[in-house]
Amino acid sequence: MPHFVIVLGETLPDRSCCCHKKANKQGDPVELAGGNVHLITTAGSWEAKLSEANKDGKILVANFSAAWCGPCRAIARTYSKLADRYPSIIFVTVDVDELAEFCTSWDINATPTFFFLKDGRQVDKLVGANNKELQKKTAAVADNANRTQT
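Here's what I pulled together on the structure shown here. (Residues numbered from 1 in each chain as written. Predicted model: local features only at pLDDT ≥ 70, side-chain atom pairs only at ≥ 80, totals over all residues. Heavy atoms only, no water.)

Here we come to the packing of aromatic side chains. This structure, assessed with the given rule, holds 10 aromatic pairs. Where F64 meets W106, the ring centres are 5.9 Å apart and the plane angle is 40 degrees; that geometry is what we call tilted. Here F64 is found in strand β4 (residues 59-65), whereas its partner W106 is found in the loop between α3 (100-105) and β6 (113-118), with 42 residues between them in sequence. Residue class for W106 comes out partly exposed when judged on its relative accessible area of 21%. Here the aromatic cluster, defined as three or more aromatic residues joined through ring pairs, consists of W46, F64, F102, W106 and F115. (Phe/Tyr/Trp six-rings, centres within 6.5 Å; stacked < 30°, edge-to-face > 60°. Helix = DSSP H or I, 4+ residues; strand = E, 2+ residues; numbered from the N terminus. Buried < 20%, exposed > 50% of the residue type's maximum accessible area, 1.4 Å probe, protein only.)

What follows is the structure in structure tokens.
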């Protein structure tokens, strides 16, 4: 028997990845990017930011998110504040609706999912909108990056 998920008043088949279908195109506007958070809507923009991080020896934090996702909206402000607090880290938000195939290649099973990358390799991951854990993991990768640079 198929599973179903209720998202913002609509019933969607549970496909283990909520990036398959938009649930609410008319919901409240959500700022997925802005300030020090860069919105990724194309494979080219992803490659450019990843290349920039690798070239400069920076950590890249990727937030796989969707504007209609309640937990994504709930953690967006914390993510933006972290981007302001850690300017030496590149923060991006990948719009899973715009890049559905791409998010599947990253094995995104839920949004938000955060990947922490160094030299193009995953050094940590967080699934879900856990503010404290996101702050803790971001601080840890920043501290580690600072220690390896000194």
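What follows is about the sheet that holds strand β5 (residues 90-95). Pairing is mixed in the open sheet, where 5 strands are placed in the order β3-β5-β4-β6-β7. Every other strand in the sheet has two partners, leaving β3 (37-40) and β7 (121-127) as the edge strands with one partner each. Mean inter-strand twist for the sheet, computed between neighbouring axes without regard to direction, equals 25 degrees. Note that β4 and β6 share 6 bridges and pair antiparallel. Counted as the bridge partner of I59 is K118 from β6. Packing against the sheet, helix α1 (residues 43-56) makes contact with β3, β4, β5 and β6, and its axis sits at approximately 160 degrees to β5. Helix α2 (residues 70-85) rests against β3, β4, β5 and β6 of the sheet, and its axis sits at about 155 degrees to β5. (Pairing = 2+ DSSP bridges. Axes fitted to C-alpha atoms, helices over the stretch in contact; angles between N-to-C directions. Contact = heavy atoms within 4.5 Å.)

This part is about the pattern of salt bridges. For side chains of opposite charge, pairing can occur when their charged atoms come near one another. Under the counting rule described, the total for this entry stands at 3 salt bridges. For the salt bridge of E52 with K49, the shortest nitrogen-to-oxygen distance reads 3.1 Å. Placement of the pair is E52 and K49 together in helix α1, with a separation of 3 residues, close to one helical turn. As a salt-bridge pair, K55 and D56 come within 3.4 Å of each other at their nearest N and O atoms. When its relative accessible area of 67% is taken as the criterion, K55 is described as exposed. For D56, a relative accessible area of 38% corresponds to the partly exposed category. (Salt bridge = Lys/Arg side-chain N within 4 Å of Asp/Glu carboxyl O.)

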